[in-house]
Structures are given as structure tokens and as C-alpha cells.
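Given next are the chains, with one letter for each unit.
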Amino acid sequence: MLKVDNLVVRYGAVEALKGVSLEVPDNSVVAVLGSNGAGKSTLLRAISGTHRLHRGRIEQGSISYRAAGQNAADEQNDQNAGLIRIDKLDPAKTVGRGIVQSPEGRRIFGRLTVDENLRAGGMNSSATKSARTETRERVFTLFPILAQRRGQRASLLSGGEQQMLAMGRALMASPSLLLLDEPSLGLAPQIVEQIGEIVLEINGMGTSVLLVEQNASMALRVAQHAHVLEVGKVSLSGPADELAKTDQVRDLYLGHGAEEISGSAAVGRSQHLTRWTG
Ligand SMILES: Nc1ncnc2c1ncn2[C@@H]1O[C@H](COP(=O)(O)OP(=O)(O)O)[C@@H](O)[C@H]1O
Ligand SMILES: [Mg+2]
């Protein structure tokens, strides 16, 4: 599980995160919703250790992690058992711990082929060649289109295919926690649906996902738990189906998707929501 506690991150004079706390339990999908500038990317960067590349600095708080299965015996007695501080690790070490980010804007190598992009994703892994081949086959099972296009330059792929490649590349490092930064950005609704399904499949294979999105309707459909981030602070947290029913989320993020979500969500009072003040 991942535990972010009272995290404060600054870029020079800009305080991008003002004391953010959240958890990603083992084998779960957790969504963070927020509009532009809310601090979503900053949160993922701090977790992956890449904030320094953007001149960001963690000023307060901590990020701790324990991969699923580690210290399972202690876990029953103490929730915090085996949690290791990761906020001072460099990005390569964070990947080594099983946390891999698929960054904002996809960042694939346009001039390289699909295969070469995937290989780049597995490069830092200590896995044997046969294990890497196995991982790539799993990625191709998840994204058959990438198998079909494996020899093609990545720049020739459609937006949706490039997003799949970015996710596939991240999966090549066999993460236990995948950080996804706005995978739906700029994609047609049908493709967004597909990305949502794939997130569920990835989770089904035993990888936890921290999904950062402006597309609340997709994110709340695939996540069990969600948080709303507003100008560097978590303003609302709760089970995804409960959050989908709140006025705040409906007004700000759902638009036309609102009906559909509340229709599929469980009926009941919103008793599990936590509202932060101040
Ligand atoms: N490299 C940077 N240098 C200075 N300010 C930044 C940098 N990156 C992000 N910010 C600022 O930090 C805040 C949060 O940004 P970001 O995390 O990118 O939000 P989001 O991903 O939710 O759109 C914004 O005010 C943004 O302008
Ligand atoms: Mg962002």
C-alpha cells in the first residue's frame, strides 16, 4: 500500500500541494479528480520521485510504501508494518520498489517503434530476458493493437494507441503500483471507455492503480475510492460511487456523464464521505 501523509510540495514560490494525505490500499484503484492546476501531476511526480526534474521540492510530509505481500504476517497486527519511506528516493529506485508512472502527455518516443518503446520501459528492470519477454506478451494480450503495430513508429499511432503504448511501456517494468496521469486526455469517449476497461484489467492482474483524471465519469467508474483535489488540497474523499452522487462532483466534473454514473451506483445515503474544511 501507498501512504501519502500531509504532503507539501513547492516549485519556488508556488505551493502546489498544501498538505495532501491519501492512501492506496493493496490491489485497489484510487482516483484523484481535479481541474487544471489542482496539483494532480505534482502529486504523482512526488510519489515517483520525478518532481525534482521539474524543480519541485517536498517541504513537508511523507510518502511511504509497501509492496503487496511484503510483511503480510505483520500486517494483521499493525497497518503500518513494513512501510518504507520513499520520498527521498530517486526515480530509478522508486521504480525498483515497484512504483511506475505513466506521465502526463504520454511522453512516448515518436521516432522509435512500438517494440522499441516497450523495450525502453523494461530496460531498468532486473528481470531476466525470458521474464521480460513474458511481460511483453502480457502487454500484447492487454493491448492487441500494439502487437499488430509493433514494428511501426510510435508517432504514426492514433492518440488512443499512443496512450496504450505509454501504459504498456510502464507495465514493462512490472509495477505493483501504476501511476496514471490523465490517460483520457484528448481521447474520444469510446476510447476513454476502453482505457477505463484496461485499467480494470491491469488491476485484475494484481497491480494497484493511482489514477489522476479530469474525466470524473470514467475515473469514478473504475476506482473504488476517490479524492477531489482543489488548488493543492483534498476537498472531498470517499468511495467512488458515493462521490459520484455529490453535488460538488456532479457540478464540477461530471456534466452529461452524471446520469449514467448515478444510475449504476449503489443506492444509499452518503454516509461514508469525509469532507475536509479549511
Ligand atoms: N515546473 C513547475 N514550475 C512552477 N510551477 C509549476 C510547475 N509545475 C506545476 N506548477 C504549478 O503547480 C500547480 C499544480 O500544477 P500541476 O500539478 O501540474 O496540476 P494539474 O496536474 O492538476 O493540472 C499549478 O499552479 C502549476 O502552475
Ligand atoms: Mg497535470
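Everything quoted here is computed from the prediction, not taken from an experiment.

Asks: Outline the sheet that holds strand β5 (residues 84-85), listing residues and values.
Replies: With antiparallel pairing, 4 strands are arranged side by side in an open sheet as β2-β1-β4-β5. On the outer flanks of this sheet lie β2 (14-24) and β5, each paired with one strand and no other. Where strand β1 (residues 2-11) and strand β4 (residues 57-65) come together, 7 bridges link them in antiparallel fashion. When the sheet's bridge partners are listed, V4 is paired in β4 with I63. Packed onto the sheet, helix α1 (residues 40-48) meets β1, β2 and β4 and runs at close to 110 degrees relative to β1.

Asks: Hey, could you go over helix α7 (residues 159-171) for me, with residue numbers and the actual values?
Replies: An ideal rise of 1.5 Å per residue puts 18 Å on 13 residues; α7 measures up with 18 Å between its terminal C-alpha atoms. Buried within α7 we find G160, E161, Q162, Q163, M164, L165, A166, M167, G168, R169, A170 and L171.

Asks: Just give me the short version of the nonpolar core, but keep the residues and values in it.
Replies: Within the largest apolar cluster, 46 residues are counted, with the highest numbers of intra-cluster contacts made by F143, L146, L165, M167, I202, V209 and L220. Sort the elements by how many residues they give to this core and α7 lands first, with 6 residues. Looking at which domains feed residues into this core, each of domain 1 (2-98 + 175-275) and domain 2 (105-174) gives three or more. When near neighbours in sequence (up to four residues on either side) are disregarded, I202 contacts L142, M167, L171, L178, T207 and V209. By size, the runner-up hydrophobic cluster in this structure holds 27 residues, among which are V4, V20, I47 and I63.

Rules behind the numbers
- Residues numbered from 1 in each chain as written.
- Chains lettered and ligands numbered in written order.
- Predicted model: local features only at pLDDT ≥ 70, side-chain atom pairs only at ≥ 80, totals over all residues.
- Heavy atoms only, no water.
- Pairing = 2+ DSSP bridges.
- Helix = DSSP H or I, 4+ residues; strand = E, 2+ residues; numbered from the N terminus.
- Contact = heavy atoms within 4.5 Å.
- Axes fitted to C-alpha atoms, helices over the stretch in contact; angles between N-to-C directions.
- Expected span 1.5 Å × (residues − 1).
- Buried < 20%, exposed > 50% of the residue type's maximum accessible area, 1.4 Å probe, protein only.
- Core = buried A, V, L, I, M, F, W, Y, C linked by side-chain atoms within 4.5 Å.
- Domains from an automatic or database assignment.

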